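Remarks on the overall topology
Listed below are the residues making up each chain.
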Amino acid sequence: MGNDLMAPMTRATLMDSVLRSYVAQYCAHLHDGRYAASTRRIYLCCVAHFAYWITTERLALGKADEVGGRQFVACHLPHCNCPTPVRRVPHEVTAALSHLHEVLKSAGVLAASPGGAASSDPSWPRSTVTWISTVTWIRCAGLPPPRAGNVSRS
Ligand SMILES: [Zn+2]
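All residue numbers refer to positions counted from 1 along the written sequence of the respective chain. Given that this is a predicted model, residues contribute local features only at a pLDDT of at least 70 and side-chain atom pairs are listed and counted only at 80 or more, while totals for whole chains, interfaces and linings are drawn from all residues.

A look at the overall build of the chain
This is how the line gets drawn: Helix and strand labels come from DSSP, where a helix needs a run of H or I of at least four residues and a strand needs a run of E of at least two; each type is numbered from the N terminus. Working definition of burial: number of other C-beta atoms within 10 Å of the residue's own, with buried at 20 or more, exposed at 12 or fewer, and partly exposed in between, all C-beta atoms being placed from the backbone. Contact between two residues is assigned whenever their backbone-derived C-beta positions fall within 7 Å.
Along the backbone of the chain there are seven helices and zero strands. Among the 154 residues that make up the chain, the fraction classed as buried is 32%. Contacts spanning at least 24 positions in sequence make up 72% of the contacts within the chain whose residues lie at least 6 apart.

With respect to the nonpolar core
We count it as follows: Think of a nonpolar core as buried Ala, Val, Leu, Ile, Met, Phe, Trp, Tyr and Cys residues chained together by C-beta atoms that fall within 7 Å.
In terms of nonpolar packing, the biggest core is built from 29 residues, with Tyr26, Val47 and Leu100 touching the most fellow members. Among the elements of the structure, helix H2 (23-32), helix H3 (37-56), helix H4 (66-76) and helix H5 (90-106) are those that each provide at least two residues to this core. Among the elements that make up this core, the one with the highest residue count is H3 (10 residues). Setting aside residues up to four positions removed in sequence, leucine 100 forms contacts with Tyr26, Val47 and Ala64.

Looking at helix H1 (residues 8-15)
How we decide: The arc in question is formed by the directions pointing from the helix axis toward the C-beta atoms.
Regarding H1, the residues found buried are Thr10, Thr13 and Leu14. The arc that holds the buried residues of H1, viewed along the axis, is 95°, so those residues lie on one side.

A word on the packing of H4 against H5
Stated precisely, the cut-off is as follows: To get an axis, fit a line to the C-alpha atoms, keeping to the stretch in contact for a helix; angles then go from 0 to 180 degrees between the N-to-C directions. By the definition adopted for this analysis, an angle is roughly parallel if under 35 degrees, roughly antiparallel if over 145, roughly perpendicular if from 65 to 115, and oblique otherwise. In this scheme the handedness of a crossing depends on how the near helix is turned from the far one: anticlockwise by less than a right angle means left-handed, clockwise means right-handed. Gly counts as polar in this scheme, as do all residues outside two lists: the nonpolar Ala, Val, Leu, Ile, Met, Phe, Trp, Tyr, Cys and Pro, and the charged Asp, Glu, Lys and Arg.
One way to put it is that H4 packs onto H5 with a least axis distance of 10 Å and a crossing angle of 165°. Classified by the angle between their axes, H4 and H5 sit roughly antiparallel to one another. As for how H4 packs across H5, the hand of that crossing is right-handed. Touching Glu66, Gly69 and Val73 of H4 are Pro90, Val93, Thr94, Leu97 and His101, all from H5. Class assignment for the residues of the contact of H4 with H5 results in four nonpolar, three polar and one charged.

Concerning the packing of H1 against H3
Close contact between H1 and H3 brings their axes to 9 Å; oriented N to C, the two are set at 45°. Taken together, the axes of H1 and H3 lie oblique to each other. For the pair H1 and H3, the sense of crossing is left-handed. Of the residues in H3, those touching H1 at Thr10, Thr13 and Leu14 are Leu44, Cys45, Val47, Ala48, Ala51 and Tyr52. Its residues assigned to classes, the contact of H1 with H3 comprises seven nonpolar, two polar and no charged.

Topic: H4
Most of H4 is tucked away: eight of the 11 residues are buried. Along H4, the positions that sit buried rather than exposed are Glu66, Gly68, Gly69, Arg70, Gln71, Phe72, Val73 and His76.

With respect to unusual backbone geometry
Here threonine 84 and proline 85 are connected by a cis peptide whose omega angle stands at 5°. Positionally, proline 85 belongs in the loop between H4 and H5. Phi is positive for arginine 34, close to 60°, though the residue is something other than glycine. With respect to the secondary-structure elements, arginine 34 resides in the loop between H2 and H3. Despite not being glycine, arginine 58 shows a phi value in the positive range, around 55°. Classification of arginine 58 by C-beta neighbours within 10 Å gives exposed; the count is 8.

Here you go:
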């Protein structure tokens with residue numbers, strides 16, 4: 001399942017990454033969600049790109065969470081010069097990674113992170129979501145971290 005959807009480069013990238021143990025679950029998740037083969041192929045390419053980035057950045061599997069995903073989309077994609085073929089369309093990558101996060105959470109790899117809870121838990125105040133987004137942006141821009149009071153949390 002899913003093997004027929006992966007180009008050799010996509011498969012090699014995924015199998016050489018920290019995500020290799022979850023590729024089959026990811027494919028099953030998309031299959032069970034009844035996504036079209038073309039969509040599954042795109043999402044697998046997006047996740048392979050994310051896996052390549054995690055691997056080259058030497059990030060631990062725990063960094064494959066929502067915060068890491070947002071950092072990838074906001075910081076890496078605009079400046080990406082990874083070897084082709086890679087998917088660089090932010091909305092595709094964001095959608096693909098949201099499925100990855102579901103898989104990693106169901107596998108017990110990821111706990112609900114502050115970033116993830118902010119994006120999916122309506123009980124989180126909007127200001128918290130804004131604060132997390134701002135901190136992510138500051139990290140992207142290489143700016144110093146905010147001091148207390150620089151970024152409003154209320
Ligand atoms: Zn890239």
